[in-house]
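Spelled out, the chains give:
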Amino acid sequence: ASAEPQVVTETPMEITLPPAPSEEPTQAPPKETSAPVLEATATATSVPPTATSEAVTPTTALTLLPAFTPPASDPRAKLGAPTWTDAMDTDKFWPTGANTYTDIAFKDGRMKFTGLTTTDGWRLASTEQLNNFYIEMKVDTGECKGSDRYGIMFRVPVAREANKGYLFGFTCDGKYSLREWDATIGDKGQMVTHVNWTSSSAIQSGSNKTNTIGIMAVGDRLILYANGALLTEVKDSTFTVGSFGLFVGARETEKFSISVDEVSYWKNPTP
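What you see is a predicted model, and the numbers here were worked out from it, not measured in a lab.

S.K.: Tell me about the packing of aromatic side chains, and please be specific about residues and values.
M.R.: Evaluated as defined, the whole model comprises 13 aromatic pairs. Taking the centre distance of 5.1 Å and the plane angle of 75° together, the rings of Trp84 and Phe93 count as edge-to-face. No difference in accessibility class separates Trp84 from Phe93, as the two residues are buried. Taking the centre distance of 6.1 Å and the plane angle of 75° together, the rings of Tyr150 and Phe170 count as edge-to-face. Of this pair, Tyr150 sits in strand E10 (residues 149–156) while Phe170 sits in strand E11 (residues 164–171), and the two are 20 residues apart along the sequence. Each member of the pair, Tyr150 together with Phe170, is buried. Through a chain of ring-to-ring contacts, three or more aromatic side chains come together here, namely Trp84, Phe93, Trp94, Phe244 and Tyr265.

Okay, structure coming up:
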């Protein structure tokens, strides 16, 4: 059983409106799994030119690099094609530009999401509201330190207010947490911590690392994943349906940025 949630009061966070809803998103085909990479190393032998010498052809040694093997708990390996995928080629589903807390820009098939203050700021995707789902984000950390953090905000009841919801995040130094935000409680809002910042070897820590952060929500079950590995499960029914988005907090690195390669979700998964 999980510990009793910790209730703290924090400064109000970002309230960023998503773009006006567009037509029903068209499902993008799931990304193909890359074949193992063959690394070629050429070794040339030099032969002094003589009247009778023949040309020497360089020999090539092929080294097979090990492929990543998803753990047995990886939801993506069991759920099949996503209901919705954003490969981050365009800004179709996201508000762009800078505001007080964050900045978003798209380039070379990625979203660059920058924290402009030490306070967590978020942007919501312009998609349907979700009840039961698995959401996964693939992200590169860039240069970071310690408690710089990023993650997924989900089950935001009213997207246009963006003042309530859960936040599941990672830190640069390899910790994860699950928090619940409600800006309508008290003068400064209330944050309930369901999982305090906890270290995990499943998270790639440090600068310029790639992590996949995943959250499965089915009824009151909130199941947390890092790179396909099961971290923990929490039961809470404060928020049951809503929009989702991403958050970032530049706690230690000025203008800490993450590079998001893909966000996908699956509706009505079976845990």
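There is more to say after this.
S.K.: How would you summarise the pattern of salt bridges if you had to cite specific residues and measurements?
M.R.: Counted under the stated rule, the structure contains 8 salt bridges. As a salt-bridge pair, Glu262 and Arg76 come within 2.9 Å of each other at their nearest N and O atoms. Highlighted residues: Glu262 in strand E18 (residues 257–267) and Arg76 in helix H1 (residues 75–79), separated in sequence by 186 residues. By relative accessible area, which is 7% here, Glu262 ends up buried. Among the residues examined, Arg76 registers a relative accessible area of 24% and is labelled partly exposed.

S.K.: Explain the pairing of E18 residue by residue, including any values.
M.R.: Counting buried positions along E18 yields 9 of 11 residues, so the element is predominantly enclosed. Pairing geometry for strand E4 (residues 84–86) and E18, over 3 bridges, is antiparallel. Among the inter-strand pairings, Thr85 is bridged to a residue of E18, identified as Ser264. In terms of strand pairing, strand E7 (residues 110–115) meets E18 through 4 bridges, oriented antiparallel. Bridge pairing in E18 places Met111 opposite Val260. Two elements, strand E9 (residues 133–140) and E18, share 8 bridges in a ladder whose sense is antiparallel. Residue pairing across strands places Met137 opposite Val263, the latter belonging to E18.

S.K.: Kindly report on the environment of Asn211, identifying the contributing residues and their values.
M.R.: For Asn211, the position within the fold is in strand E14 (residues 210–218). Since its relative accessible area comes to 0%, Asn211 is described here as buried. Between the C-alpha atom of Asn211 and that of Gly228, which follows or precedes it by 17 residues, the distance is 9.6 Å. Not counting the four nearest positions on each side in its chain, Asn211 is found in contact with Met137, Lys138, Val139, Thr141, Tyr150, Phe170, Ala202, Ile203, Gln204 and Asn227. Polar side-chain contacts of Asn211 include one of 3.0 Å to the side chain of Asn227.

S.K.: Break down the state of the cysteines for me, citing the residues and quoting the values.
M.R.: A full pass over the atoms with the stated rule returns 1 disulfide. Across the disulfide, Cys144 is cross-linked to Cys172 (sulfur-sulfur distance 2.1 Å). Here the disulfide of Cys144 and Cys172 is right-handed, its torsion about the S-S bond being about 70°. Placement of Cys144 in the loop between E9 and E10 and of Cys172 in the loop between E11 and strand E12 (175–182) is noted, with a sequence separation of 28 residues between them. For Cys144, a relative accessible area of 8% gives the class buried. By relative accessible area, Cys172 is classed as buried at 4%.

S.K.: Can you tell me about the nonpolar core, naming the residues and giving the values?
M.R.: Ranked by size, the top nonpolar core spans 43 residues in total, and within it Phe154, Phe168 and Phe244 carry the most contacts. When neighbours within four sequence positions are excluded, Phe154 is seen to be in contact with Phe133, Gly165, Tyr166, Phe168, Leu178, Ile215, Leu222, Ser243 and Phe244. By size, the runner-up hydrophobic cluster in this structure holds 10 residues, among which are Trp122, Val156, Ala162 and Phe247.

Calculation notes
- Sequence order as written defines the numbering, with residues in each chain counted from 1.
- Note on the predicted model: pLDDT of at least 70 is required for a residue's local features to be given, and 80 or more for side-chain atom pairs to be given and counted; whole-chain, interface and lining totals, by contrast, use all residues.
- Working from all heavy atoms in the structure, the side-chain values ignore hydrogens and water.
- Centre distance within 6.5 Å is the pairing criterion for rings of Phe, Tyr and Trp, where only the six-membered ring of Trp is used; planes under 30 degrees apart are then read as stacked, over 60 as edge-to-face, and the remainder as tilted.
- Here the term buried applies to any residue with accessible area under 20% of the maximum for its type, exposed to any over 50%, and partly exposed to those in between, with areas from a 1.4 Å probe on protein chains only.
- Runs of E in the DSSP output that reach at least two residues are strands. Runs of H or I that reach at least four are helices, and both are numbered from the N terminus.
- Whenever a carboxyl oxygen of Asp or Glu lies within 4 Å of a side-chain nitrogen of Lys or Arg, that contact is scored as a salt bridge.
- When DSSP finds two or more bridges between two strands, those strands count as paired.
- Residue contacts follow a heavy-atom distance rule, with two residues in contact if any of their heavy atoms lie within 4.5 Å.
- In the analysis that follows, any N or O atom pair within 3.5 Å is treated as a polar contact, provided that within protein one partner can donate a hydrogen and the other can accept it, and provided that, for residues neighboring in sequence, both atoms belong to side chains.
- Cysteine sulfur atoms are paired as a disulfide whenever they come within 2.5 Å of each other.
- The set of buried Ala, Val, Leu, Ile, Met, Phe, Trp, Tyr and Cys residues whose side-chain atoms join them within 4.5 Å is what this entry labels a nonpolar core.

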